[in-house]
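Understanding the architecture of this molecule
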Amino acid sequence: MKRIKRFITFILAIMLMLTAVPAQAKDSLQSELIVQERQYDRYGIACENELLYPTAELPEMEKHETEEITPSVYTAGDYESEIDLFLQLEPLVKEALLAGQTRINIREYGINSDEYQLYRLPYFSPYLGMSMDITAWYSGNVYSYLQIENSMTPEETSQYFSQVDKAIEDVLSVVTDEMTDVEKALAVHDYLVYYAEYDYDNLVNGTIPPESYKSAGLLINGTGVCNAYAYAYQYLMTLLGIECYVTNSSAMNHAWNIVKIDDSYYHVDCTWDDPVPDQFGKVSHNHFLADDEKMRNELEHYGWDREDIPCDNDKYNDKYWTEAESQIIQTEEFIYYIKGSAVYEYDDENGTEKEIAELGRWWVWEGGGSYWTSAFSGLFYNNGYLYYNTYNKIFRLSLDTLESEIVYEPDLSDGYVYGIRDRGNKIEYIIKQSYQDEGIVCTAPVLLDEESEQPETPEYVLGDVDDNGNVNIADLRIVLRAVCRKVELTEEQRLAADVERDNNVDIQDLRKVLRFICKKIDSLE
């Protein structure tokens, strides 16, 4: 009995020390962690002496004058806007490419070369932007013909068109007819930011390829610079019947979108909502449906060329998504996203949110118990489940029961899990020792189809860490060693030791187990 009392006294002393240790460890890195966290919150990245909001010099676009030519065989069409004109020209150019033609006469269209900029067509259309060059020639103030250069054969071009069809189908699969225009615009914004990546390496090396300026680069290669994000978003919004423009700022070397929702116009900048360098599964929403004032004063945009389109409605400036750090999952009943270190369920009708899963801490690799103040989890939906990750595991959460279960436990010998995303019916995750690292992308041996077998959550009893049917001093000793990072718990032990059920085994769990053993509380539930 004396030995037990001495051990409990020892535990109490250790607990007093441990209560101070994490704070002390955190304080020892406080300036570094806070600086990195501030950058992460604002920019979606945390880097030292690197470009925070990247800009790429906009491509040179020009039209070419020619002498009068024979009128075209095509019949002139009616078009109300430049985008309407592009949608009429796109099938003509596709047909010519499949026929191996190099020139399309468009004189009879009567297209005013001062009013319409046809050099934008291959940037706008993903069908016309890869391995192709289209030059618009004009005579007087009327376009005469399009000169086409295509490095692909007609057969290769046909296969490429099928790729584009599939890419567009994949994006639009996240949109339903029941969605409002706001919900459609949000779903496409999140899809592009979630799956695409800013062409950062080529930007740094000065080797940006032509396709990275075009919608084709983003939709087919999954990479691009601001021009590609802006034109891809415009193309997809146009297919959804939502009025959308590309606006450029020569002063910023940057391009983004202005979109019409109901009777008002708003800014959307997918590029600056995509963390750079890429953060696996992270999606920011600071630049989604912002008004002019917010773009200028808070988001530091200036000098855009479409100031003729006033974005003066601040309706969405402080909407729930501005704090979301993951793609937003929209279901018929609720909306789901990650904010801070938790997964939330949001009721858009009532404007209320509740926490449904705690992500826990991301320990500093070999950091002696220190941890980052951000969470680094992806979030996606599949077949009634939300998938997310902690620093060491991948979970799925049932939307029916709001209960989580482990899907996969990655090997952590080279780092921790810093995000997940879905690729087809597979789960990709990235292993890093710091969120600033490039990391190693891995594929979990788990399929996301309906019939795939998921591992069952191990059976356990709260507090009974050694699984002997009792919660006693032996369990307390194991929890203490785990808190001091002296032992690695099995999954069953971790679940039993995590009496606070916050996905972490820490001083709070140790205190609660001690109080239960000392009969200060009646239950660990």
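Residues numbered from 1 in each chain as written. Predicted model: local features only at pLDDT ≥ 70, side-chain atom pairs only at ≥ 80, totals over all residues. Heavy atoms only, no water.

**Topic: the environment of Pro122**
Relative to the elements of secondary structure, Pro122 occurs in helix α4 (residues 121-124). Residue class for Pro122 comes out buried when judged on its relative accessible area of 4%. For the pair Pro122 and Lys214, spaced 92 residues apart in sequence, the C-alpha to C-alpha distance is 7.1 Å. When near neighbours in sequence (up to four residues on either side) are disregarded, Pro122 contacts Leu128, Gly129, Ile134 and Lys214. (Helix = DSSP H or I, 4+ residues; strand = E, 2+ residues; numbered from the N terminus. Buried < 20%, exposed > 50% of the residue type's maximum accessible area, 1.4 Å probe, protein only. Contact = heavy atoms within 4.5 Å.)

**Focus: the confidence of the model for the protein**
On average, residues of the protein score 84 in pLDDT, and 83% of them are at 70 or above. Here residues 17-52 is a poorly scored stretch, pLDDT under 50, and it has 61 contacts once near neighbours within four places are set aside; other chains count. (pLDDT = per-residue confidence, 0-100.)

**Some points on the side chain of Ser249**
The topology assignment puts Ser249 in strand β7 (residues 244-249). For Ser249, a relative accessible area of 0% corresponds to the buried category. From its side chain, Ser249 meets the backbone nitrogen of Met252 in a polar contact 3.1 Å long. (Polar contact = N/O pair within 3.5 Å; in protein donor to acceptor, adjacent residues only side chain to side chain.)

**A few points about the sheet that holds β7**
The strand order across the open sheet formed by four strands is β7-β8-β9-β10, and the pairing between neighbours is antiparallel. Edge positions in the open sheet fall to β7 and β10 (288-290), since each of these has one partner strand only. For this sheet, the mean inter-axis angle between neighbouring strands, taken without regard to orientation, is 40 degrees. Bridging between strand β8 (residues 254-261) and strand β9 (residues 264-268) involves five bridges; their strand directions are antiparallel. The partner of Lys260 across the bridge, within β9, is Tyr265. Against the sheet, helix α6 (residues 181-195) touches β8, β9 and β10, its axis set at about 125 degrees to β10. The sheet strands contacting helix α9 (residues 226-239) are β7, β8, β9 and β10, and the helix crosses β8 at an angle near 20 degrees. (Pairing = 2+ DSSP bridges. Axes fitted to C-alpha atoms, helices over the stretch in contact; angles between N-to-C directions.)

**Looking at the packing of helix α3 (residues 82-98) against helix α5 (residues 154-172)**
In a pair of packed helices, the angle between the axes and the distance between the axes together describe the arrangement. At a minimum axis separation of 8 Å, α3 and α5 run at an interaxial angle of 140 degrees. By the angle between their axes, α3 is oblique relative to α5. Touching Lys94, Leu97 and Leu98 of α3 are Pro154, Thr157, Ser158 and Phe161, all from α5. Across the contact of α3 with α5, the residue classes tally to four nonpolar, two polar and one charged. (Parallel < 35°, antiparallel > 145°, perpendicular 65-115°, else oblique. Nonpolar A, V, L, I, M, F, W, Y, C, P; charged D, E, K, R; others polar.)

**Details of helix α13 (residues 507-517)**
An α-helical segment advances 3.6 residues per turn. Residues three or four places apart therefore align on the same side. Listed in full, the buried residues belonging to α13 are Ile507, Asp509, Leu510, Lys512, Val513 and Leu514. Following α13 by one or two positions, Lys519 adopts a phi angle in the positive range, close to 60 degrees.

**A short note on the environment of Gly303**
Position of Gly303 relative to the elements: it lies in the loop between α10 (292-298) and β11 (329-330). With 55 residues separating them along the chain, Gly303 and Asn248 place their C-alpha atoms 8.1 Å apart.

**As for the packing of aromatic side chains**
In total, this model carries 29 aromatic pairs according to the counting rule given. On the basis of an interplanar angle of 20 degrees and a centroid distance of 5.0 Å, the ring pair of Phe376 and Tyr435 is categorised as stacked. Placement of the pair is Phe376 in the loop between β16 (371-372) and β17 (379-382) and Tyr435 in the loop between β22 (426-432) and β23 (440-447), with a sequence separation of 59 residues. Tyr435 gets classed as buried once you look at its relative accessible area, which sits at 3%. Ring centres of Tyr388 and Phe395 lie 5.4 Å apart, and the angle between their planes is 10 degrees; on these two criteria the pair is classed as stacked. Residue Tyr388 shares its accessibility class with Phe395, and that shared class is buried. Ring-pair connections join several aromatic residues into one group, and the members of that group are Tyr266, Phe288, Tyr316, Tyr320, Trp321, Tyr337, Tyr344 and Tyr346. (Phe/Tyr/Trp six-rings, centres within 6.5 Å; stacked < 30°, edge-to-face > 60°.)

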